[in-house]
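Chain and residue survey
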Amino acid sequence: THLALAELIEQGHYAAHIRRMRVVYARRRALLVSLILRHLGPEYLDPQASNAGLHLVLRLPDGTDDVAISRAAEVRGVLTRPLSRYYVRTGGTRRGLLLGYACVSDERIEPAFLALKMCLTTPSPISG
């Protein structure tokens, strides 16, 4: 395995793959950002977010139950992570969802986002 990886790197295939994936991920991120801006507004985006990485934080209004929204989204086939679960203390907890876009094909991003949006605007289909 190590020899194959070394050969992949030496022949430049790994660097080419990284360049291709950067373009793919940037396109997916831009698509997700444009959907958030169009359907929810700029207040749902973290103003300090960078263009790096494979996830995006969807900010939610204070008092929103991001855990319940994440569960409701999962019922609809959309996996998210509630941001509040990443806080140790409850005092400074921000509400939001961590959205991964790297493994979602371009054509699935909009339907997945619209399913998530339904979870933000309608009561949860699950209880508890």
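Each chain carries its own residue numbering, running from 1 in the written order of its sequence. The predicted nature of this model means local features are confined to residues of pLDDT at least 70 and side-chain atom pairs, given and counted, to a pLDDT of 80 or more, with totals for whole chains, interfaces and linings taken over all residues. Values reported for side chains reflect all heavy atoms of the structure, with hydrogen atoms and water molecules removed beforehand.

1. Things to note about the confidence of the model for the protein chain
Should the pLDDT be low somewhere, the predicted coordinates at that spot are not to be read in detail. Just so we agree on the cut-off: What pLDDT conveys is the predictor's confidence in a given residue, as a value from 0 to 100. A contact between two residues is defined here by any heavy atoms of the two lying within 4.5 Å.
For the protein chain, mean pLDDT is 90; residues scoring 70 or higher make up 92% of the total. Taken as a whole, residues 124-128 scores under 50 in pLDDT and shows 9 contacts with residues more than four places along the chain or in a different chain.

2. Here's the deal with a nonpolar patch on the surface
In plain terms, the rule: Here the term patch refers to residues with relative accessible area over 30% and no salt bridge, with like charges joined within 9 Å and nonpolar side chains (Val, Leu, Ile, Met, Phe, Trp, Tyr) within 5 Å. Reported accessibility uses the Shrake-Rupley method at a 1.4 Å probe radius. Residues are deemed covered only where the shown protein chains occlude them. Salt bridge, as used here: a side-chain nitrogen of Lys or Arg that lies within 4 Å of a carboxyl oxygen of Asp or Glu. A run of DSSP states H or I qualifies as a helix once it reaches four residues; a run of E qualifies as a strand once it reaches two. Both are numbered from the N-terminal end.
Taken together, the side chains of L5, L8, I9 and Y14 present a nonpolar region at the surface, about 360 Å² in accessible area. For the nonpolar patch, the element with the highest residue contribution is helix α1 (residues 2-10), accounting for 3 residues. Secondary-structure assignment places L5 in helix α1.

3. What to know about the nonpolar core
Where we set the bar: Among buried residues, those of type Ala, Val, Leu, Ile, Met, Phe, Trp, Tyr and Cys that are joined through side-chain atoms within 4.5 Å constitute a nonpolar core. Buried residues are those whose accessible area, probed at 1.4 Å on protein chains only, stays under 20% of the maximum for their type, while exposed residues exceed 50% and partly exposed ones sit between those limits.
Judged by nonpolar contacts, the single largest core of 23 residues is most densely connected at L32, I36, L56, L58, L97, L99 and L116. Where this core is concerned, the elements lending two or more residues are α2 (13-39), β1 (55-59), α3 (66-75), β3 (96-100) and α4 (106-121). In terms of residues, this core owes the most to one element, α4, which gives 6 residues. Excluding residues that lie within four positions of it along the chain, L99 makes contacts with L32, I36, L54, H55, L56, L58, T80 and L116.

4. A short note on α2
What counts is decided by this rule: Expected helix span is taken as 1.5 Å per residue step, with the number of steps being one fewer than the number of residues.
In this model, α2 (27 residues) spans 39 Å end to end at C-alpha, consistent with the 39 Å of a helix rising 1.5 Å per residue. Every buried residue belonging to α2 is among A16, V24, R28, R29, L32, V33, L35 and I36, and all of these are buried. Of the surrounding elements, those touching the buried residues of α2 are β1, β3 and α4. Just downstream of α2, G41 is the residue with a positive phi angle, here 115 degrees.

5. Here we look at the side chain of R28
Operational definition: Counted as a polar contact is a pair of N or O atoms within 3.5 Å, where, for protein atoms, one must be capable of donating a hydrogen and the other of accepting one, and residues adjacent in sequence contribute only when both atoms are in side chains.
Counting through the fold element by element, R28 comes out in helix α2. R28 sits in the buried class, given a relative accessible area of 13%. A distance of 2.9 Å separates the side chain of R28 from the side chain of D106, its partner in a polar contact. If we skip the residues at most four places from it in the chain, R28 touches Y101, A102, C103, V104, S105, D106 and I109.

6. Digging into the layout of surface pockets
If a probe the size of a water molecule is rolled over the atoms, the empty space left behind becomes visible. Applicable threshold: Computed over the protein atoms alone on a 1 Å grid, cavities are sets of points where a 1.4 Å probe fits but cannot get out and pockets are open sets with protein on both sides within 12 Å along at least five of seven lines; a residue lines them when it has an atom within 4 Å of a point. Grid points are joined across faces, edges and corners, and a volume is the space filled by probe spheres set on the points. Put simply, Ala, Val, Leu, Ile, Met, Phe, Trp, Tyr, Cys and Pro go in the nonpolar bin, Asp, Glu, Lys and Arg in the charged bin, and everything else, Gly too, in the polar bin.
Reported here for the largest pocket is a volume of approximately 260 Å³. Breaking the lining of the largest pocket down by element, the ones donating at least two residues are β3 and α4. Residue contributions to the lining of the largest pocket peak at 5 residues, all from α4. A per-class count over the lining of the largest pocket returns 11 nonpolar, 3 polar and 1 charged.

7. Regarding the environment of A72
You can see A72 is positioned in helix α3. Sequence-wise, A72 and M118 are 46 residues apart; in three dimensions their C-alpha atoms are separated by 9.3 Å.

8. Focus on the pattern of salt bridges
With the rule as written, the count across this model stands at 4 salt bridges. With a closest N to O distance of 3.7 Å, R94 and D46 form a salt bridge. Of this pair, R94 sits in the loop between β2 (81-82) and β3 while D46 sits in the loop between α2 and β1, and the two are 48 residues apart along the sequence. Three or more residues are tied together by salt bridges with common partners; here these are R27, R28 and D106.

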